[in-house]
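# Report on the structure
Spelled out from the first residue to the last, the chains are:
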Amino acid sequence: MLYDWANSAYSVIISTAIFPLFFKAGADAAGISSVNSTAYLGYTIAIATFILAMLSPILGTIADYEGLKKKFFAFFFVIGVVSTAMLAVVPYDSWLALLILYTITSIGFAGANVFYDAFLVDVTTEEKMDDLSARGYGWGYIGSAIPFLVCIVIIVLSQLEILPLSMTGASQLSFIITAIWWAVFTIPMLRHVTQIHFIKREAKPIVKSFKRLGRTIKDIRHYKPLVLFLLAYFFYIDGVGTIIKMSTAYGSDLGISATSLLLILFLTQVVAAPFAILYGRLAIRFTGKKMLYVGIGVYIIVCIYAYFLKTAVDFWILAMLVATSQGGIQALSRSYFAKLIPKDRANEFFGFYNIFGKFAAVMGPLLLAVTAQITGSTNIGVFSLVLLFIIGGVILAFVPESKEEAGLQG
């Protein structure tokens, strides 16, 4: 849960709030139109997630060997932290360099999450997975709100000329704060969490890992429930991730000031924390599947409402709706999948979980970006995402809720 607390600072400050605004302002200074800069950000997210999607199942399969899960986690964690800190030294109007470095930070962040998520099977029982996963997301929202608030205060004080910093300098300081927060609160994870479920080391582990991955792909028909869940997840999490990552760019296109956007996103984190925990508690009473449907339903309403969005008040309402469900739907997806997979092959299967999630994240931003450019309207781009939630919800209906129902072993 402390790693959720640690890395969620990246999620809100870099992925969602300050970096997109920083990039948008820099692109504007370089003469890039607002619609095109939003589209370029969408294309960059798509490229970064495509790279990681291709690597995840391969790395995950290798990491299932005894003692390797932590090493892979640490490798990507270091890449993410170092590249995030380096964002502070890229010139303000070097928008292309910012996007390239942002791609590296995304790979580090998401790569570490593949192995972090797979540790869920090592730290709790199946009965407690929904609640623990949701608590992690709840802690994450609180943990992200604290450094985010510090960054907002720095930016506002710099605007009021109370601090001797430019808006650019304040934003760059925020990137350093994010890297430090992420690094410090990851220490307990590195020191105390261990891999319990694993495959014993053997000769030629890389060759054997590729063979094992090949067998899994070849025998995928035996894992039909997992495939159905991953297909459902592919569609609905696509919409979730796109809305989260493109929200500030969307708000900026609507003319909402950077300060207002930061305040909205901060309160979104605060509201999201108790709702994420609530989803976990309600999943115990009503099942994780029913609560996933609640989350999908809320996001369908969000997409429809976005089509009619015109004012800052509308954006506030939209943000609070997202806050009620963004943590819950992600947390329960993670625990739902963890309950279905063989524990000693958790990294391999979470590699597939990640590849479906990341390929989905390629499609969503591209759909929004292309639709926005064709129509000239970001509202229509967001509205187009409603189709993803509907398809995901329909497929989810055919997914069992346990290994026993699914006829799986492990």
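Residues numbered from 1 in each chain as written. Predicted model: local features only at pLDDT ≥ 70, side-chain atom pairs only at ≥ 80, totals over all residues. Heavy atoms only, no water.

### Thoughts on unusual backbone geometry
Non-glycine residue glutamate 161 carries a positive phi angle of around 65°. Relative to the helices and strands, glutamate 161 is located in the loop between α7 (129-159) and α8 (167-184). Unlike most non-glycine residues, threonine 287 shows phi in positive territory, near 85°. Counting through the fold element by element, threonine 287 comes out in the loop between α12 (258-286) and α13 (288-307). Exposure remark for threonine 287: the relative accessible area of 26% places this residue in the partly exposed category. (Helix = DSSP H or I, 4+ residues; strand = E, 2+ residues; numbered from the N terminus. Buried < 20%, exposed > 50% of the residue type's maximum accessible area, 1.4 Å probe, protein only.)

### What about the pattern of salt bridges?
Summed over the entire model, instances satisfying the criterion amount to six salt bridges. Aspartate 4 serves as the salt-bridge partner of arginine 334, at 3.5 Å between the closest nitrogen and oxygen. With a gap of 330 residues between them, arginine 334 in helix α14 (residues 312-340) and aspartate 4 in helix α1 (residues 2-16) connect regions that are remote in the sequence. Each member of the pair, arginine 334 together with aspartate 4, is buried. Among the ionic pairs, lysine 69 bridges to aspartate 122, the shortest N-O distance being 2.5 Å. (Salt bridge = Lys/Arg side-chain N within 4 Å of Asp/Glu carboxyl O.)

### Side note on the packing of α13 against helix α17 (residues 386-396)
Contact pair α13 / α17: the axes reach a minimum separation of 9 Å and the direction vectors enclose 160°. Considering the angle they form, α13 stands roughly antiparallel to α17. For the crossing formed where α13 meets α17, the hand is left-handed. Along its contact with α13, which presents Lys289, Leu292, Tyr293, Ile296, Tyr299, Ile300, Cys303 and Ile304, the element α17 presents Val386, Phe389, Ile390, Gly393 and Leu396. Classifying every residue of the contact of α13 with α17 gives eleven nonpolar, one polar and one charged. (Axes fitted to C-alpha atoms, helices over the stretch in contact; angles between N-to-C directions. Parallel < 35°, antiparallel > 145°, perpendicular 65-115°, else oblique. Left-handed = near helix turned anticlockwise from the far one by under 90°. Contact = heavy atoms within 4.5 Å. Nonpolar A, V, L, I, M, F, W, Y, C, P; charged D, E, K, R; others polar.)

### Comments concerning the packing of aromatic side chains
Across all of its chains, the model carries 29 aromatic pairs by this definition. Centroid distance tyrosine 3 to tyrosine 116: 4.9 Å. Interplanar angle 55°. Geometry classified as tilted. In this pair, tyrosine 3 sits in helix α1 while tyrosine 116 sits in helix α5 (residues 95-118), placing the two residues 113 residues apart along the sequence. The pair tyrosine 3 / tyrosine 116 is uniform in exposure class, with both members buried. Taken together, the aromatic side chains of Tyr3, Tyr10, Phe73, Phe77, Phe109, Tyr116 and Trp182 make up a single cluster linked through ring pairs. Above the ring of phenylalanine 119, the side-chain terminus of lysine 69 is found at 4.7 Å from the ring centroid. (Phe/Tyr/Trp six-rings, centres within 6.5 Å; stacked < 30°, edge-to-face > 60°. Lys NZ or Arg CZ within 6 Å of the ring centre and 35° of its normal.)

### A look at the nonpolar core
Membership of the largest hydrophobic core comes to 118 residues, with the highest contact counts inside it found for Tyr3, Ile18, Phe148, Phe229, Tyr236 and Phe337. Element by element, the count of residues in this core is highest for helix α11 (residues 224-253), at 16 residues. Apart from the residues lying within four places of it in its own chain, the contact partners of phenylalanine 229 are Tyr236, Leu292, Ser333, Tyr336, Phe337, Tyr353, Leu396 and Val399. Counting residues in each nonpolar core, the second largest holds eight residues, with Ala134, Tyr137, Tyr141 and Ala272 among its members. (Core = buried A, V, L, I, M, F, W, Y, C linked by side-chain atoms within 4.5 Å.)

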